[in-house]
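Here are the chains, one letter per residue:
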Amino acid sequence: MAEPTVYKWSDEETELLIKLRMRKEALFTGKRNASKLAWETIVQKMGLQGRLTAAQAAKKWENLKKKYKDLKAPPTGAGTDQGEEKADSWQWFPLMHEAIGSRPSVTPPALIASCTGETPTTSSTATASSLPGPPERPTLSSSSSSASSASSSSASSASSSSSPQPPPPQQPHSSPPKKRARRERLVDLILREGERDEDRFQHLEAQTDRLLNIFEKMVDKM
């Protein structure tokens, strides 16, 4: 039996479709076949198995979305003189606005202007008032206060110097130089042993050459 290509939607079915689509948003994960399975679940919840397919329900939803977007942001220059349907006259606009009105793809974030045409007045005044004035001459009271503070600081420094000082902390990094020195001594020892072995080898080689020369001479005399 061939499935119907056009399904006549009643207002109750359209309203139920929109509400179920809102409630089952978590089923539309974007994975493969997730949308088809989600629409089959919605059709089953509507009780329209055998009369309505998942593809027909998805197509109805896409048409509702397109009309909502067109009415929410009509093209520039479009008028309603010829009796076109407007947002306040379409019965599904409030429900569709509740369903998808807060999505970024439908309502992009507003951009806040970074500058205005107002001329700042108080800032210039504040800037002028914040400029430093001419330096004031030191008075007797300020000099005496500075002298007293100097004397108190010297007294505090003297008391701090007379108090016993804690012993200096031990240097935690004394071990690496010792290790480095031991390593260098070990390398020098290995090098010296190598030089001695080389000297012994050269001495043995010279003795072997002398013995061979003597042996050759003895063979020649025979």
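Model, not experiment: these values are computed from the prediction.

Caption draft 1: Spatial organisation of the overall build of the protein. Along its length, the protein carries seven helices and zero strands. Walking the protein from its N terminus toward its C terminus, one meets helices and strands in the order α-α-α-α-α-α-α. Residue burial in the protein is summarised as follows: out of 222 residues, 16% are buried. Counted over contacts in the protein with a minimum sequence separation of 6, partners at least 24 positions apart contribute 61%.

Caption draft 2: Region of the structure containing the pattern of salt bridges. In this structure the tally under the stated criterion is six salt bridges. With a closest N to O distance of 2.9 Å, Lys 19 and Glu 15 form a salt bridge. Separated by four residues within a single helix, Lys 19 and Glu 15 lie in helix α1 (residues 11–23), roughly one turn from each other. With a relative accessible area of 30%, Lys 19 lands in the partly exposed category.

Caption draft 3: Seen up close, the packing of aromatic side chains. Scanning the model with the defined rule gives three aromatic pairs in all. On the numbers, 5.4 Å between centres and 80° between planes, the contact of Tyr 7 with Trp 9 is edge-to-face. The exposure class of Tyr 7 is buried, given its relative accessible area of 15%. For the pair Tyr 68 and Phe 93, a centre-to-centre distance of 4.9 Å together with 35° between the ring planes defines the contact as tilted. On the criterion of sequence distance, the pair formed by Tyr 68 in helix α3 (residues 54–72) and Phe 93 in helix α4 (residues 93–100) is long-range, its members being 25 residues apart. Assigned by exposure class, Tyr 68 and Phe 93 land together as buried. A cation over a ring is seen here: Arg 21 above Phe 28, with NZ or CZ 3.7 Å from the ring centre.

Caption draft 4: Up close: the side chain of Lys 65. Along the chain, Lys 65 turns up in helix α3. Classification of Lys 65 by relative accessible area gives buried; the value is 16%. Aside from chain neighbours lying at most four places away, what touches Lys 65 is Met 96, Ile 100 and Arg 103.

Caption draft 5: Quick look at the nonpolar core. Among the nonpolar cores identified, the biggest contains 27 residues, and Leu 17, Ile 18, Trp 39, Trp 90 and Met 96 are the most heavily contacted of them. Elements represented by at least two residues in this core include exactly α1, α2 (34–46), α3 and α4. The residues contacting Trp 39, other than those within four sequence positions of it, are Leu 17, Arg 21, Phe 28, Ala 54, Ala 57, Ala 58 and Trp 61.

Caption draft 6: The arrangement of the confidence of the model for the protein in detail. With 60% of its residues at a pLDDT of at least 70, the protein reaches an overall mean of 72. Across residues 111–132 the pLDDT falls below 50, and counting only partners more than four positions away or on other chains, this stretch makes zero contacts in the model. The model gives residues 138–148 a pLDDT under 50, and that stretch makes zero contacts with residues more than four places away or in other chains.

The rules behind the values
Residues numbered from 1 in each chain as written. Predicted model: local features only at pLDDT ≥ 70, side-chain atom pairs only at ≥ 80, totals over all residues. Heavy atoms only, no water. Helix = DSSP H or I, 4+ residues; strand = E, 2+ residues; numbered from the N terminus. Buried < 20%, exposed > 50% of the residue type's maximum accessible area, 1.4 Å probe, protein only. Contact = heavy atoms within 4.5 Å. Salt bridge = Lys/Arg side-chain N within 4 Å of Asp/Glu carboxyl O. Phe/Tyr/Trp six-rings, centres within 6.5 Å; stacked < 30°, edge-to-face > 60°. Lys NZ or Arg CZ within 6 Å of the ring centre and 35° of its normal. Core = buried A, V, L, I, M, F, W, Y, C linked by side-chain atoms within 4.5 Å. pLDDT = per-residue confidence, 0-100.

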